[in-house]
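# Observations on chain architecture
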Amino acid sequence: MLKKFLILSLAMLSTPAWASGFALTAQSAESLGSAMAGVQAERAKPSAAFYNPASIVGIDDVAGSLTVFGVFVDSGYDTASATLLGVAPAPGVTSGQAVIGDGVFPDAAFAVRLNDKIFLGLSLNAPFGFNTSYEDDSVIRYHGTASKVASGALTSILGLQLNDQWALAGGFRVQYTSISLDGAIDAAGIATASMIPGFVPGTDDAFFELDASDFGFGYVVGVQGELTPQLRMGASFTSKINHDFSGDADFDISTSVAGQTLGGFGLLQDTRFTSDLTAPAQFQLGAALDVSPRMTLLASTTLTRWSQFEEIVAVFENAAQPPEVITQNYNDSWSASLGAEFELTPTSEARFGVMYEQTPLDDDFASPRIPDADRIWLGAGYSTKIGEETTLHLGASYVFFSDRPINQSATLPENLLRGSLATTINIDAVLVSRSEEHTS
């Protein structure tokens, strides 16, 4: 039942790569408007539980929210070039657009007050994901034609009101993640390197598709408190989650003479494969300062332990098929945001924010599969009561990415038959969100 619930949520998800690494930063319409500034210090807000589970503490009775995000991405690559076996220029398209798809994804949260001290909550989020694609005849094709990771996480939360100033919460997270990696294989180049005559590198391609999914388990803890009547803070920790994938590897050699020749030696045969991936741990800290009855200043910072993500390795049951290796060597990364919230009327608010988010990518191993880069978020949002127990939140952010140079070296052992690759990928994104929050 749980798997069906998470898969149903993923059916709504077409996830672009617009956050640090492949994490999805925006998980609340209200916080999107402030560029996530101060969200960890939000009190009695189940919609902020992804950032800090202690946010469920303090609700009156029952509260919940449903949020939908839309992501619109302008992306492309140009001046791409590649060399096979160190000498043969790879033929193909050298520029393209829309390499990162637009997407829609939901999240939801619910909490109930059991008594003056104990609160229970649930949150459903899509914490990680990316979706990139390139033409089958692109120069990039040997380093990937399509890549997708989609995740759905269900977190159960227990919150405790310790006293009038402090709250503590913790939860258990179940995370379902699916991966799909497609790419071209220079079958003619492999045949040439194997001393099989009659082939020219880059002129006869086979294609592969790897698909797998897995459940992983982790936990979250958080604390909130009032340092003064005007100053609130919140801090949280989210554990890493390990995924051990097992799935299907499909090889298409139907139109490749070289691929069919290699198939005679046991290569490029459909088989099962295994792989693993670690979703990183996160430390988050946020603060909110009431500088007047109608204005609050907001600030946040997050450390993501991406250094645990070193490589992607697919090991095939077919012993004749060598492993597929993609080195990542990610670094830990930081983000920091500042914002402000203004009361416009007794029933409406506006907010603004800016965030700098650091990429975890190592420039020497940056891949077109996940073309991440440093970015700046500019956010704006609006909230208004639309009923006695219902509040509407609207949020939007424009995300400016630095250009992402790709310089895959043929000297890497994994690129021996993929060849070198050089290009630049450009990305900008607009995020919009709508949420209805219900309290009773």
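Computed from a predicted model, the values in this text were never measured in an experiment.

### Thoughts on the nonpolar core
Grouped together as the largest cluster of nonpolar side chains are 77 residues, with contacts concentrated most on F22, L210, L268, W377 and L431. Non-local contacts of F22, meaning those with residues more than four positions away in its chain, are made with P127, F128, G129, F130, L277, W306, F309 and I370. The next biggest cluster of nonpolar side chains, apart from the first, holds 11 residues, and it includes A49, A54, I59 and A63.

### Considerations on the pattern of salt bridges
Pairing between side chains of opposite charge can happen when the charged atoms of each approach one another. On inspection of all chains with the given rule, the structure shows 17 salt bridges. For R418, the salt bridge is made with E414, and the minimal N-O distance between the two is 3.8 Å. Overall, the relative accessible area of 12% leaves R418 in the buried class. The shortest N-O distance in the salt bridge between R434 and E436 comes to 3.1 Å. One connected set of salt bridges, linked through shared partners, spans E30, K45, E341, E349, R351 and E437.

### Looking at the environment of S34
Within the element layout of this structure, S34 appears in the loop between helix 2 (29-33) and strand 1 (62-84). The class for S34 is buried, based on a relative accessible area of 3%. C-alpha of S34 to C-alpha of M355: the two residues are 321 residues apart in sequence and 8.7 Å apart in space. Not counting the four nearest positions on each side in its chain, S34 is found in contact with L298, L338, R351, F352, G353 and V354.

### Digging into the confidence of the model for the protein chain
Looking at the protein chain as a whole, its pLDDT mean stands at 93, while 96% of the residues score no less than 70. Segment residues 1-15: pLDDT under 50, and 39 contacts once partners within four positions in sequence are set aside and those in other chains are kept.

About the thresholds
- Going along each chain's sequence as written, the residues are numbered from 1 onward.
- At least 70 in pLDDT is required for a residue's local features to be given in this predicted model, at least 80 for side-chain atom pairs to be given and counted, and no such filter applies to totals for whole chains, interfaces and linings, which use all residues.
- The side-chain numbers reported here are obtained from all heavy atoms of the structure, hydrogens and water having been left aside.
- The set of buried Ala, Val, Leu, Ile, Met, Phe, Trp, Tyr and Cys residues whose side-chain atoms join them within 4.5 Å is what this entry labels a nonpolar core.
- Accessibility here uses a 1.4 Å probe with only protein chains present; expressed as a share of the type maximum, an area under 20% marks a residue as buried, one over 50% as exposed, and anything in between as partly exposed.
- In what follows, residue pairs with any heavy atoms lying within 4.5 Å of each other are defined as contacts.
- The salt bridge definition used is simple: a Lys or Arg side-chain nitrogen within 4 Å of an Asp or Glu carboxyl oxygen.
- Per the convention used, a helix needs a DSSP run of H or I reaching at least four residues, while a strand needs a run of E reaching at least two, with both numbered from the N terminus.
- Think of pLDDT as the predictor's per-residue confidence, scored from 0 to 100.

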